[in-house]
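Below are the chains, spelled out letter by letter.
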Amino acid sequence: MLIPFSSLNEVAAYHLLTQTVVPRPIAWVLSADAGTGRLNLAPFSFFTAIASDPALLAFSVGNRLGGRVKDTDANAMIGAPLVVHIPGRRQHAGVQASAAPLPNDESELDDPSVDDALDASWEFPLPRLAESPVAFGCTVTRRVELTDEPGAQILVIARAELAWVSDEAVGQDRKGRLRIDPQTVDPLSRLGAGRFGATMPL
C-alpha cells in the first residue's frame, strides 16, 4: 500500500508514524513550573539520545488540541531542569494515566495510577520517580521549532548531567566497562494506537 504523506492530515500522519517507527522508547518527563514549583509528569514517544559528548537527549512536544500549550513545553525553557525517566513495564498504568490532559493547577503525580514515590536524594534540583529503572537529570539547552507555525511542535534538547540506574541492572563486562542489563531494566516501549511493548534482547 503506497501512502503519500501529502494525502494525510496531521492526525493521520501521526498514527502512521507511531505505528511503523516501532518500538520507540518513552521519555517520561518530570518538570516543574518555574513560578509555583508544581511538578508535571508526561510521557513522550518521539524521543531518543542524540549525542554522547556532551550527553544529549531530545524529545518532541506538540500542543494540545485547540492550540493550548502543554505544561512540559511551558516548563522546558532554556536552562530549566528536567528529569527524563525510562519507565519499566510495571509502570505501564502510570504512563498511560499521566498522558491524560489535566487543568494547569493539577499534577499527574496526584493520580493514584501513578503509584510512584519521589526520591529527592540524588543531588539534582528535581526529584526522580523511585520506581523507574533509569532516570536522567537534565538541563534544557535548546528548543527548536519544527514547523512553520510557531509553537506547534518543539524539539526539546537537554543535556544529561546525571544518570541513575537501578543497582540490579548494573554490571561490568570482561573489560571492566559498564554494562546495563536490558532484561532487568525491562523498558516500556510504544507500538502506536495505544499499544505498548517491552524490550527483550535476542
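For the structure itself, consult the block above.
Report follows, based on the coordinates. (Residues numbered from 1 in each chain as written. Predicted model: local features only at pLDDT ≥ 70, side-chain atom pairs only at ≥ 80, totals over all residues. Heavy atoms only, no water.)

1. Quick look at the packing of aromatic side chains
Okay, so step 1: One pass over the full model with this rule turns up three aromatic pairs.
Okay, so step 2: Ring geometry for Trp 122 and Phe 124: centres 5.6 Å apart, planes at 55 degrees, overall tilted.
Okay, so step 3: When its relative accessible area of 9% is taken as the criterion, Trp 122 is described as buried.
Okay, so step 4: Stacked on the ring of Trp 164, the Lys or Arg Arg 128 has its end atom at 3.6 Å from the ring centre.
Okay, so step 5: When the ring centre of Phe 196 is taken as origin, the NZ or CZ atom of Arg 190, which lies over that ring, is 5.0 Å away. (Phe/Tyr/Trp six-rings, centres within 6.5 Å; stacked < 30°, edge-to-face > 60°. Buried < 20%, exposed > 50% of the residue type's maximum accessible area, 1.4 Å probe, protein only. Lys NZ or Arg CZ within 6 Å of the ring centre and 35° of its normal.)

2. Details of the environment of Leu 82
Okay, so step 1: Looking at the secondary structure, you find Leu 82 in strand 6 (residues 81-86).
Okay, so step 2: The class for Leu 82 is buried, based on a relative accessible area of 0%.
Okay, so step 3: C-alpha separation for the pair Leu 82 and Leu 16, spaced 66 residues apart in sequence, amounts to 29 Å. (Helix = DSSP H or I, 4+ residues; strand = E, 2+ residues; numbered from the N terminus.)

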